Amino acid sequence: MAKLQVAIDLLTTQDALALAAKVAPYVDIIELGTPLIKAEGLKVVTAMKEAHPDKLVFADMKTADTGFLEAEIAFQAGADLVTVMGTVDDATVKGAVEAAEKHGKKVVVDTIGVKDRVQRAKEVTAFGVAFVELHAGLDEQALPGYSIQKLISEGKEAKVPFSVAGGVNIHTIKDVVAAGADVIVAGGAIYGAEDPAAAAKALKEAMVAV
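Calculation criteria
Here, residues in each chain are numbered from 1, in the same order as that chain's written sequence. Note on the predicted model: pLDDT of at least 70 is required for a residue's local features to be given, and 80 or more for side-chain atom pairs to be given and counted; whole-chain, interface and lining totals, by contrast, use all residues. Only hydrogens and water are set aside when side-chain values are computed; all heavy atoms of the structure are taken into account. Strands here are runs of E lasting at least two residues and helices are runs of H or I lasting at least four, both read from the DSSP assignment and numbered beginning at the N terminus. Any residue under 20% of the maximum accessible area for its type is buried, any over 50% is exposed, and the rest in between are partly exposed; the area is computed with a 1.4 Å probe on protein chains only. Contacts were defined at the residue level, with two residues in contact if any of their heavy atoms lie within 4.5 Å. Planes of paired rings set the category: under 30 degrees apart is stacked, over 60 is edge-to-face and the rest tilted, where pairs are Phe, Tyr or Trp rings (Trp by its six-membered ring) whose centres lie within 6.5 Å. Here, a charge over a ring is recorded when the distance from Lys NZ or Arg CZ to the ring centre is within 6 Å and its angle to the ring normal is within 35 degrees.

**Examining the environment of T125**
And then number 1: Within the element layout of this structure, T125 appears in helix α6 (residues 117-125).
And then number 2: Residue T125 is classed as partly exposed on the basis of its relative accessible area of 24%.
And then number 3: Along the sequence, T125 and V109 sit 16 residues apart, while their C-alpha atoms lie 8.7 Å from each other.
And then number 4: If sequence neighbours within four positions are ignored, T125 has contacts with V132, V160 and P161.

Take a look at the structure:
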């Protein structure tokens, strides 16, 4: 069954922990967003794993170079999953995978900026990554004509383990599940809600109902 991942794009450890405490009963993976990690450092990863040892903690490192080194420091801080950019050299992805194998953890490739997401997804899956995040960032989502349906169709076409991030909400989540996504990533639909716990619960229930 698909997992629900909450993307926490807040800027302080305190706020991130407060949100995670509310939504933890309904999510499988807690993602610490890139701005949060840049603002607080890897100590936020350690704090989140200590608070929620039963959850997978996802450090959105968006590594572009020194794949082994950046993955290793995140794993040592308590991360279960780290991201490497899909646009980088193959050696960077392979280095991160090597660190993951050393620590018994996993690597996810983020496809922001990748021109042919389907082709790249197939390539990096062969290197041993856990899954590929078909991801439209906040800037792309703001462009006229953006639709999450493009990511959904790419996931079906790639035929590799994948997640979808980029506008998942209560109206689109069923389509993402039906496409065969292994992980569904919700950010603003949860942390931007008036009641984040209720929003996460509704998303989880919608996933189960598919």
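Moving on from the model shown.
**Some points on helix α4 (residues 67-77)**
And then number 1: Those residues of α4 lying buried are G67, A71, E72, A74, F75 and A77.
And then number 2: Against the buried residues of α4 lie α3 (43-51), β3 (56-63), β4 (81-85), α5 (90-103) and β5 (106-110).
And then number 3: Directly after α4, the chain includes G78, whose backbone phi takes a positive value near 120 degrees.

**Some details on the packing of aromatic side chains**
For any two aromatic rings, the description comes down to two numbers: the centre-to-centre distance and the angle of the planes.
And then number 1: Here the structure, examined in full by the defined rule, presents 0 aromatic pairs.
And then number 2: Positioned over the ring face of F127 is K94, at 4.7 Å from the centre of the ring.

Scope: geometric values only; no functional claims are made or implied.
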